[in-house]
Amino acid sequence: MGLFLGSAHYLLAGVVFALLVRALLGKKAIRRNGEPLRNPPDTLPLVGNGIQFLQPRWNLLSWFNKCQRQFGYETLALTVPTLPPGVLIHDPKNLDYVFKHEGLFTKGNFVKTRSWDLFGNGIINADGAFWKLQRKAGLSFLNTANLRVLTDVALPQYLSESVKELEAAKPDQVVDLQDVFHEITTKLMGKMAYNMEMHFSSPFSSSFDHASGCTAQRFQNPLYPLTEFFFGHKFRQSISTVKKFGLEIVSRAMRDAKSISSSPPPSTSPDDEKLDSISGSLIHSLLSAIPDSPSTVADAALTYLSAGRDTTGQALTWTFYLLLSHPEVLSKIRDEVRGVLAREQAPLDTTSSSLPFSPAVLTPLSAPYSLAVFYESLRLYPPIPFEIRQAQAATTLPDGTFLPKDSVLVWCLWAMQRSRLTWGEDADQFRPERWLDENGTIKHKGAAEFPVFYGGARSCLGRKMAEGIAVQVIPVVAWGWEFEGLGKEDKRGGVGIA
Ligand code: HEM
Ligand SMILES: *[C@@H]1O[C@H](CO)[C@@H](O)[C@H](O)[C@H]1NC(C)=O
């Protein structure tokens, strides 16, 4: 997805300058224990921190990290023209307070208006009763029995298809691992959630990808209505492709529901039967929860697709990006596989043309090192790198910062998860061992310190699913190949971070 804003945006800076001045003059400073908050580095008169947000995402994240390094856990004032007064928080105590007061800190109009076109009433935009019923539908989709079918049947099948494709690659062919991982997560979500065969290369998927990229940019560009008016043609086209596809998912599911009751489909094996019996369970739960609005069901379905597929695909991509420069970690993953196979007395089939072993033996419990590798990648490269909330009423954070109603609260996971105060002097290093105790068991971190899956009442519903996928995909791909980068990694060549 596009990480860079075109130069056209900078031209518009002048047009807006007057607006910014006006917006800023009306603002009152936020205080902590009576004292105004300090400003972050590089704060400019009048435009405040607005320029940082206009920068390419990579620069914005580096700037957040600089704030964190310089000020530790201190809460800083954030001034972005056109937005209400805000704070940038770093202290896990403050974040814990946010997670525990879900109703007080909501996405507010700021987030909703920006993600409305793509996600509409989908779960991440919804509040109140509407949120509850989508969360309930998601919980029943992600129940333990369904997750077992995912890890025992669906994932091993799709993984073996991907392994076959990788093996068919020519010796010097370049393979984009990001596409491989997105294909796996797309097939999984398509089949299990919607009972559809989906592929990452489909026009729908590329439109969805483009639309999510543009939506992510809206969070950095306060002038997006203006820039999209001139340059938003492709974005609008993508949205319309996505919406059409969403309605198709829904109408197929409605047809499915009718035909299942009359004639069950012929099954070929007990495994296929297991998978078929749960396929589409998300869309069917959503349909029965929201019987009277197909377009809302479509919004909900597409939001789940984004939440489940893109995050996991990106996290796996970053994992292998990190493994490129850490061969010692790669060989420990392979050691772990050998150990699991020996313990399970699972045979290693060296003649197999697809998988040399059954990935279903790899679970978060049997493969803690691989899980630690995944956590460590998520720490350094969180798929959702920063979050924005708005205070629905005046409140005081645990560190004494007083937030008036409507103030904006920002935290940057990218920066917080690199804090030396939280993670120690080697916070910048990729070291999966930090997640393991002396017995090789996973050490868990609370959501306030490791907020990668969010926290509190709205925490990620798919964490177990993502972990189940990771502990199979990482070892299987690490087992079969040696890796080499293309040498373009300095500016994250080809690897999305939105
Ligand atoms: C590594 C993978 C994943 C990461 C890092 C991740 C992270 C997150 C985060 C940060 C949120 C809060 C977003 C917000 O409200 O701003 C979230 C919410 C959510 N995630 Fe995940 N997620 C992952 C995988 C999944 C998977 C596989 C699913 C399964 C479908 C899923 C389903 C959801 C849902 C439904 C929500 C909304 C929860 C609510 O608002 O009540 N996620 N996730
Ligand atoms: C590691 O295992 C030993 C023996 O079972 C146990 O006594 C010890 O408490 C364990 N260490 C941790 C950190 O759990």
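Residues numbered from 1 in each chain as written. Chains lettered and ligands numbered in written order. Predicted model: local features only at pLDDT ≥ 70, side-chain atom pairs only at ≥ 80, totals over all residues. Heavy atoms only, no water.

1. Quick look at the overall build of the protein
Rules: Comment: elements are numbered from the N terminus, with helices defined as DSSP H or I runs of at least four residues and strands as E runs of at least two. Note on classification: 1.4 Å probe, protein chains only; a residue is buried when its accessible area is under 20% of the maximum for its type, exposed when over 50%, partly exposed between these limits. Surface accessibility follows the Shrake-Rupley procedure with a 1.4 Å probe radius. Residue values consider only the protein chains on display as shielding.
Broken down by element type, the protein carries 19 helices and nine strands. Taking all 498 residues of the protein together, the buried fraction comes to 55%. Accessible area for the protein stands at about 22,200 Å²; split by element, carbon and sulfur atoms hold 57% of it.

2. Here we look at the coordination of the iron atom of ligand 1
Put simply, the rule is: Only nitrogen, oxygen and sulfur atoms count as donors, using a 2.8 Å cut-off from the metal that widens to 3.2 Å for Na, K and Ca. Water is left out, so coordination shells may look unfilled.
Of all protein atoms, just one serves as a donor to the iron atom of ligand 1, and that atom is C460 (SG), at 2.3 Å. You can see C460 is positioned in the loop between helix 18 (420–423) and helix 19 (463–480).

3. Quick notes on the packing of helix 9 (residues 203–218) against helix 14 (residues 294–324)
The cut-off we apply is this: Here an angle of 0 to 180 degrees is reported between the N-to-C directions of two axes, which are lines fitted to C-alpha atoms, with helices fitted over the stretch in contact. By the definition adopted for this analysis, an angle is roughly parallel if under 35 degrees, roughly antiparallel if over 145, roughly perpendicular if from 65 to 115, and oblique otherwise. Note on contacts: a residue pair is in contact if any heavy atoms of the two residues lie within 4.5 Å. Three classes are used: nonpolar for Ala, Val, Leu, Ile, Met, Phe, Trp, Tyr, Cys and Pro, charged for Asp, Glu, Lys and Arg, and polar for all others, with Gly counted as polar.
Running from N to C, helix 9 and helix 14 point in directions that differ by 85°, and their axes come no closer than 12 Å. With respect to each other, helix 9 and helix 14 are oriented roughly perpendicular. When helix 9 is examined against helix 14, the residues F204, S205, F208 and S212 are found in contact with a partner set consisting of L302, L305, S306, R309 and D310. Its residues assigned to classes, the contact of helix 9 with helix 14 comprises four nonpolar, three polar and two charged.

4. Side note on the side chain of Q134
Heads up, the rule is: Counting of polar contacts relies on pairs of N or O atoms within 3.5 Å, with two restrictions inside protein: one atom must be capable of donating a hydrogen and the other of accepting it, and residues adjacent in sequence are counted only when both atoms are side-chain atoms.
Position of Q134 among the secondary structure elements: in helix 6 (residues 128–141). Assessed through its relative accessible area of 0%, Q134 is described here as buried. A polar contact of 2.8 Å, which involves the side chain of Q134, links it to the backbone nitrogen of I123. The residues contacting Q134, other than those within four sequence positions of it, are N121, G122, I123, A126, L286, I290, A300 and Y304.

5. Regarding the packing of aromatic side chains
The condition is simple: For this analysis, a ring pair means two rings from Phe, Tyr or Trp (six-membered ring only for Trp) whose centres lie within 6.5 Å, classed as stacked if their planes differ by under 30 degrees, edge-to-face if by over 60, and tilted for the remaining angles.
The tally for this structure, following the rule as stated, stands at 25 aromatic pairs. Residues F229 and F230 carry aromatic rings whose centres are separated by 5.2 Å and whose planes lie at 85° to one another, so their mutual orientation is edge-to-face. One exposure class covers both F229 and F230, and it is exposed. Each ring, one from Y381 and one from W414, has its centre 5.4 Å from the other, and the planes form 80°; the classification is edge-to-face.

6. Focus: the pattern of salt bridges
Short version of the rule: When a carboxyl oxygen of Asp or Glu lies within 4 Å of a side-chain nitrogen of Lys or Arg, that pair is called a salt bridge.
Enumeration according to the criterion identifies 28 salt bridges in this entry. With its nearest N and O atoms 3.1 Å apart, the salt bridge here joins R69 to D428. Here R69 is found in helix 3 (residues 57–71), whereas its partner D428 is found in the loop between helix 18 and helix 19, with 359 residues between them in sequence. Looking at R69, the relative accessible area reads 29%, which means it is partly exposed. Across the salt bridge formed by E387 and R389, the nearest N and O atoms sit 3.1 Å from each other.

7. Quick word on the pairing of strand 9 (residues 408–412)
Applied cut-off: We treat two strands as partners when DSSP finds at least two bridges between them.
Burial analysis of strand 9 places five of its five residues in the buried class, which makes it a mostly covered element. Taken together, the three bridges between strand 4 (residues 86–88) and strand 9 define a ladder with parallel strand orientation. Bridging across to strand 9, G86 finds its partner in V408. Where strand 6 (residues 386–391) lies against strand 9, five bridges are found, and the strand directions are antiparallel. Opposite Q390, over in strand 9, you have V408 as the bridge partner.

8. Things to note about the site of ligand 2
Operational definition: We call a residue near a molecule or strand whenever a single non-hydrogen atom of that residue lies within 4 Å of it.
In the neighbourhood of ligand 2, the contacting residues comprise D437, E438 and N439. Here E438 contributes a side-chain N or O atom positioned 3.4 Å from a nitrogen atom of ligand 2. In isolation ligand 2 exposes 360 Å². Once the protein is present, 30% of that is buried.

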